[in-house]
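Letter by letter, the chains look like this.
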Amino acid sequence: MDAAPTISTQGLTRRFGELVAVDDVNLRVAPGQFFGFLGPNGAGKSTTIKMLTGLLAPTAGRIEILGVDLANNPVEVKRQIGVVPEGMALFGRLTGAEFLNFAGRMYGLERGTAAKRTAELLDLTQLADQPKKLVADYSHGMQKKLALAAAVIHGPKVLFLDEPFEGVDAIASGTLKSMLQRMIARGATIFLTSHVLEIVERLCSHVAIIHQGRLVAQGSLEELRAGVEAQPSDGRSQPSSGEKLTLEQIFLRTVGGSSRSEQELSWLG
Amino acid sequence: MSELNLTVHARGQLAAIADLRWRLFINSLRTTRGKLEFLSRGLVSLAFLLGGLGGCFAMAAGAFYFLSAGKPDLLALLLWPVFFFWQVFPVMATAFTNNPDSSDLLRFPLSYRSYFLVRLAYGSFDIAPALGSMWLAGIFLGIGFARPTLLLWAGLVLLAFALVNLLIMQMVFAWVERWLARRRTREILGVLFILLMLSLQLIGPLMEHFGRRSRPEMTRWIELLRTTQALFPPGLAADAIAQAARSHFMVSFSSFLLLCALGTTIGYFLHVRLGAQYRGENLSEVAAPSASIERQPLRPGWNLPGLPPSVAAVFEKEIRYLARSGPMLLTLIMPIFMLVIFRLGPMSRQGSFFARAPNMAFPAAAGYALLILTNLVYNNFGGDATGIQFFYASPVRFSQIILAKNLTHATILVLEMALAWVAVTYLYGPPAPGIALATLAGLLFAAPVNLAAGNLLSIYSPKKLDYSTFGRQRASQTTVLVSLLVQIIVVSLGVTAFLVARSYGRSWMASAIFLALAAISVTAYVTVLKKMDRIAEQRRETLISELCRT
């Protein structure tokens, strides 16, 4: 990782009372990486992404995006990034076109440019056919596509996506993936959290795994695979002979999946 | 054996549902907020219980009097209020919000009979049936004391009447629930609800206005009403008891049968609705037909000369939100509506305030307009819900976002004042120039004070609200109290200014005082606005968690 990182954190920590949700996390995401941020439920993924996008203040630590300190210059950082947070951050009582237009102008686009990009994005995401429909009446998948369209309308250099594929059907998912791959091809950096490990494995070049608030692995898929293979195995999550470890197997061995379910609930058949 | 198992199974399910309700109640007491809610509910229930007992005594006395005086037909006068309360109160209490409660049960293997029973039981323990039953018990006792021989029959009729009420209530609720499942119908019903409430306000003034002139016509209407009411449950129940009191048993029995037939018909309609729910109808918003499939040319966003594009964008968004909120728009016409009420009602009589001082109608309308606007001003971000995250993620300063919102409020106020001017001119004559000037100067002082206070409370005490629904959307208690305090201060200063001007006989003095106060309030507003970026950053987590709450 020779180039200056696009995203870097030093000692990033967030406490909620007694609970340490994110504990001394040091992330480095290089330019142009498609970066997957994984972890079990409650591991601290959403808390981390909220801190990286300025939606949540860290208790301690430092965040730099594109070399700019987020705490000192949040507006400058926000100008360069796009965000699809957990709640999607939509305005339900606007139409899709009105919302994209609004988003474009909030990111400083000229009125004409915002309108032109709105039309293009609506076409690309197949949301142009129902111009009078309010965002509140969109299906979940349509809302995800719209949220992504709003996050990219200003052509951000870095994109943060919190569970972009959750609750999205195969068609919408395909549209989202092609949009993201196009952005990567043009040199953008994407940071996403997801529970769908197959998608992360297919899309992401680099991965970090957070567990109980602490970063337990970080690197390219090959680096993570090599690291896990070097560790002694308990026999579970093993690939068939000659096959590579899948991301799911790497993930399970890193965070330590439970074998209790195999021994219990015998009545399930 | 399998029948027995099914019965046992259904009983277990019903017990589980009852247990679920109990657990939900117990768990709600874990938080301080839940305990306070329980306490306030207890106080409200106590008030209702007192109302129920009072009503019970009143009903007993009324029934006793009607039977003793040989006027059993007038029992309908007692049964109609019971009927109205029983039917109208639950609808008003739910106030057009979505109620997903019962459909959640359908994921379980519940038999239709159990589902029907659960739905019926859900409504049976509400305030309306409880109070209605208490009042019916009062009528029952009154009849019993007056004519002990009628007690059994009256008891049977009143029981049937109570059951019919319960069925109607559940049927109305089930259908309303079906309509409310979609945002569009929820909005339409919200608007209709407000119009209904406004119409009720008009009854008194209109009766007073037209009552004296068309008495014969009123009498004809009352006669028509008297004969028509006999076909409805309260009329039928009253007739069943009254005819028995006169020993016309066949007629009495016929009325009772008609009441039962009505109950059966209503039960059938309830069965149709619940049956559709049970079979798994889809009421989701997505299933709603799309308004249009044709593409429309895209227009660029609005442009406000001299202001940054982000301010124009937020201003446009706010106006679009407001334009799509029927309930919110209707509340904004309230100042004009109140002027009409005052013009038609008792306030128009000789000697009343507005009859003596018609010039004060314009300041009154201005004050009321500002008061109505506080709904929006004191909870700036309430309607944005998860959109608040967008504001925080965007590269726009919060002071700019808030400035745009305040511009929207100011625009609405200007529009309202223009409408008020027209309405006052039409209803009371054009306001005197001195008073009009003082009013506008007063607004220059009062509006920035309210905007500054509103901006602070919007950040410190936010509350998520849905512009498309009406009711159950009260602001936080802190906001209500502070808002009240601000209004008291503003009104006191306003009245003082007017009194000073009046005592010196120079109306321009009020304008001068207001302009001096306006200079202070504008300075305070600008100072608060400048601090908004820092305050919004500090309050970021509270604001997001409150407004993104599902």
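Let me sum up the structure you'll find in this document. On a predicted model such as this, the values are computed, not experimentally measured, just so you know.

What counts and how
- Residues numbered from 1 in each chain as written.
- Chains lettered and ligands numbered in written order.
- Predicted model: local features only at pLDDT ≥ 70, side-chain atom pairs only at ≥ 80, totals over all residues.
- Helix = DSSP H or I, 4+ residues; strand = E, 2+ residues; numbered from the N terminus.
- Rg over C-alpha atoms; globule rule 2.2 N^0.38 Å.
- Buried ≥ 20, exposed ≤ 12 C-beta atoms within 10 Å, placed from the backbone.
- Contact = placed C-beta atoms within 7 Å.
- Pairing = 2+ DSSP bridges.
- Axes fitted to C-alpha atoms, helices over the stretch in contact; angles between N-to-C directions.

**Details of the overall build of chain A**
Across its full length, chain A holds 10 helices and 11 strands. Radius of gyration (C-alpha) of chain A: 20 Å, near the 18 Å computed for a compact globule of 269 residues. If you line up chain A on its principal axes, its C-alpha atoms span 60 × 50 × 40 Å. Split into buried and exposed, the 269 residues of chain A put 50% on the buried side. When contacts within chain A are restricted to residue pairs at least 6 apart in sequence, long-range pairs at least 24 apart make up 68% of them.

**Some points on the interface of chain A and chain B**
In many reports, interface size means the accessible area that the parts give up when they come together. Contacts between the two partners involve 41 residues from chain A, matched on the other side by 39 residues from chain B. Within the residue set of the side of chain A that touches chain B, elements represented by two or more residues are helix H2 (74–80), helix H3 (96–106) and helix H4 (111–124) of chain A.

**What to know about the environment of Pro58 of chain A**
Looking at the secondary structure, you find Pro58 of chain A in the loop between helix H1 (45–52) and strand S5 (60–65). Not counting chain neighbours up to four residues away, the residues in contact with Pro58 of chain A comprise Leu12, Thr13, Arg14, Met51 and Ile63 of chain A.

**Considering the sheet that holds strand S9 (residues 189–193) of chain A**
All names here are of chain A. On the basis of which strands lie adjacent, the open sheet formed by six strands has the order S7-S8-S9-S4-S10-S11 and mixed pairing. Lying at the two open borders of the sheet, with one neighbouring strand each, are strand S7 (81–84) and strand S11 (214–220). Direction aside, neighbouring strands of the sheet carry axes that sit 15° apart on average. Two elements, strand S8 (residues 158–162) and S9, share five bridges in a ladder whose sense is parallel. In the sheet register, Phe160 faces S9, and the bridge partner there is Phe191. Contacts from helix H5 (residues 140–152) reach S7 and S8 within the one sheet, and its direction differs from that of S7 by about 165°.

**Re H3 of chain A**
Three or four residues apart is the spacing at which side chains of an α-helix point the same way, because the helix has 3.6 residues per turn. Within H3 of chain A, 11 of the 11 residues are buried, which leaves it mostly tucked inside the rest of the structure. Where H3 of chain A is concerned, the buried positions are Gly96, Ala97, Glu98, Phe99, Leu100, Asn101, Phe102, Ala103, Gly104, Arg105 and Met106 of chain A. At its buried positions, H3 of chain A is contacted by H4 and H5 of chain A together with helix H11 (309–323) of chain B.

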